[in-house]
Amino acid sequence: MQKIKLDIVGLSYSQTQSGAYALVLGEISGRRRLPIVIGSFEAQAIAIEIEKMTPSRPLTHDLFKTFAQSFHITIQEVIIYNLIDGIFYSKLICSDGKKTMEIDARTSDGIAMAVRFNCPIYTYEFILSSAGIVIEGNDFVYLENINADPQEEKNIAAVAKGYTSFSTEELEVKLKEALSEEAYEKAAKIRDELTKRKSS
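We now turn to the structure provided with this report.

Calculation rules
- Residues numbered from 1 in each chain as written.
- Predicted model: local features only at pLDDT ≥ 70, side-chain atom pairs only at ≥ 80, totals over all residues.
- Heavy atoms only, no water.
- Phe/Tyr/Trp six-rings, centres within 6.5 Å; stacked < 30°, edge-to-face > 60°.
- Buried < 20%, exposed > 50% of the residue type's maximum accessible area, 1.4 Å probe, protein only.
- Lys NZ or Arg CZ within 6 Å of the ring centre and 35° of its normal.
- Salt bridge = Lys/Arg side-chain N within 4 Å of Asp/Glu carboxyl O.
- Helix = DSSP H or I, 4+ residues; strand = E, 2+ residues; numbered from the N terminus.
- Axes fitted to C-alpha atoms, helices over the stretch in contact; angles between N-to-C directions.
- Parallel < 35°, antiparallel > 145°, perpendicular 65-115°, else oblique.
- Left-handed = near helix turned anticlockwise from the far one by under 90°.
- Contact = heavy atoms within 4.5 Å.
- Nonpolar A, V, L, I, M, F, W, Y, C, P; charged D, E, K, R; others polar.
- Pairing = 2+ DSSP bridges.
- Patch = residues over 30% accessible without salt bridge, like charges linked within 9 Å, V, L, I, M, F, W, Y side chains within 5 Å.
- Areas by Shrake-Rupley, 256 points an atom, 1.4 Å probe, with all protein chains shown as cover.

The subject of this paragraph is the packing of aromatic side chains. Counting across every chain of the model gives two aromatic pairs. Pairing Phe67 with Phe71 gives two aromatic rings, centres 5.3 Å apart and planes at 55°, and the pair type is tilted. With a centroid separation of 6.5 Å and an interplanar angle of 10°, the aromatic rings of Tyr124 and Phe126 are classed as stacked. Take Phe126: its relative accessible area is 36%, and that puts it in the partly exposed class. Geometry around Tyr122 places Lys3 over its ring, the cationic atom sitting 4.6 Å from the centre. Positioned over the ring face of Tyr81 is Lys91, at 5.0 Å from the centre of the ring.

This is how it looks when you write it as structure tokens:
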């Protein structure tokens, strides 16, 4: 069965399930997208690695990576191999250089590990055909704007506007404080403001 390579397209708060997040994977060579609902912990673990933030203490997925590397084990790829009753099934393909093993994993955990090991994510055609959505035109999906709650957008805008009143030095201090408190969403907003200032 031919594998189809996927990439992470976006991650946002789910408007359909309280406390959950929507992770969207995109077909590398096509317009299909695969939306997956994941928990807040796994969403945080994926976002932290994508944004290259450093937590004050290792998260579970960071611990697993360090543990695996200490024994010279790498994850070569993550495969979303089945879909049953709306639940995605995944496995990690791991190797120590001599032996290759398949380890069953929740899809959210598998993707959190894939971003840490910088390994590819794959699925199969029958999964994309049954659960994928097709993006028309040349639009590239960023989930921050999908199914956004207007009130939530106002709150985010108000918080973002609040950071503009601080100096760069103050923001850098606040960023360190947010990271030490493991308030990663707050840290991401502060980092975005700092990035905007550096690019302007």
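Here the focus is the pattern of salt bridges. Within the structure shown, the criterion is met by eight salt bridges. One salt bridge connects Glu49 with Lys52, and the closest N-O pair in it is separated by 3.3 Å. Owing to a relative accessible area of 16%, Glu49 belongs among the buried residues under this scheme. The partner of Asp62 in a salt bridge is Arg116, and the shortest N-O contact between them spans 2.7 Å. In this pair, Asp62 sits in helix H2 (residues 60-70) while Arg116 sits in helix H3 (residues 107-117), placing the two residues 54 residues apart along the sequence. On the basis of relative accessibility, which here comes to 17%, the residue Asp62 falls in the buried class. Given a relative accessible area of 4%, Arg116 falls into the buried group. Here the residues in one salt-bridge network are Glu27, Arg32 and Glu125, joined through shared partners.

Where helix H1 (residues 40-50) meets H3, the axes come as close as 9 Å, and the angle between the chain directions of the two elements is 15°. Here H3 runs roughly parallel to H1, going by the angle between their axes. Note that H1 runs across H3; the crossing there is left-handed. Only Ser108, Asp109, Ile111, Ala112, Val115 and Arg116 of H3 make contact with H1, whose side of the interface consists of Glu42, Ala45, Ile46, Glu49 and Ile50. A breakdown of the residues in the contact of H1 with H3 according to their chemical character gives six nonpolar, one polar and four charged.

Strand-to-strand pairing in sheets goes through backbone hydrogen bonds, with the strands running parallel or antiparallel. Strands sit in the order S6-S5-S4-S7-S1-S2-S3-S8 across an open sheet of eight strands; the sheet is mixed. At either margin of the open sheet sits one strand with a lone partner, and together these are strand S6 (100-106) and strand S8 (133-134). One ladder, built from four bridges, connects strand S1 (residues 3-13) with strand S7 (residues 121-124); its direction is antiparallel. Paired with Lys3 across the two strands is Tyr124, which belongs to S7.

Right, let's talk about a nonpolar patch on the surface for a bit. A surface patch of nonpolar side chains, amounting to about 310 Å² of accessible area, comprises Phe67, Phe71 and Ile73. With respect to the secondary-structure elements, Ile73 resides in the loop between H2 and strand S4 (74-84). In this structure Ile73 comes out as partly exposed when scored by relative accessible area, which is 30%.

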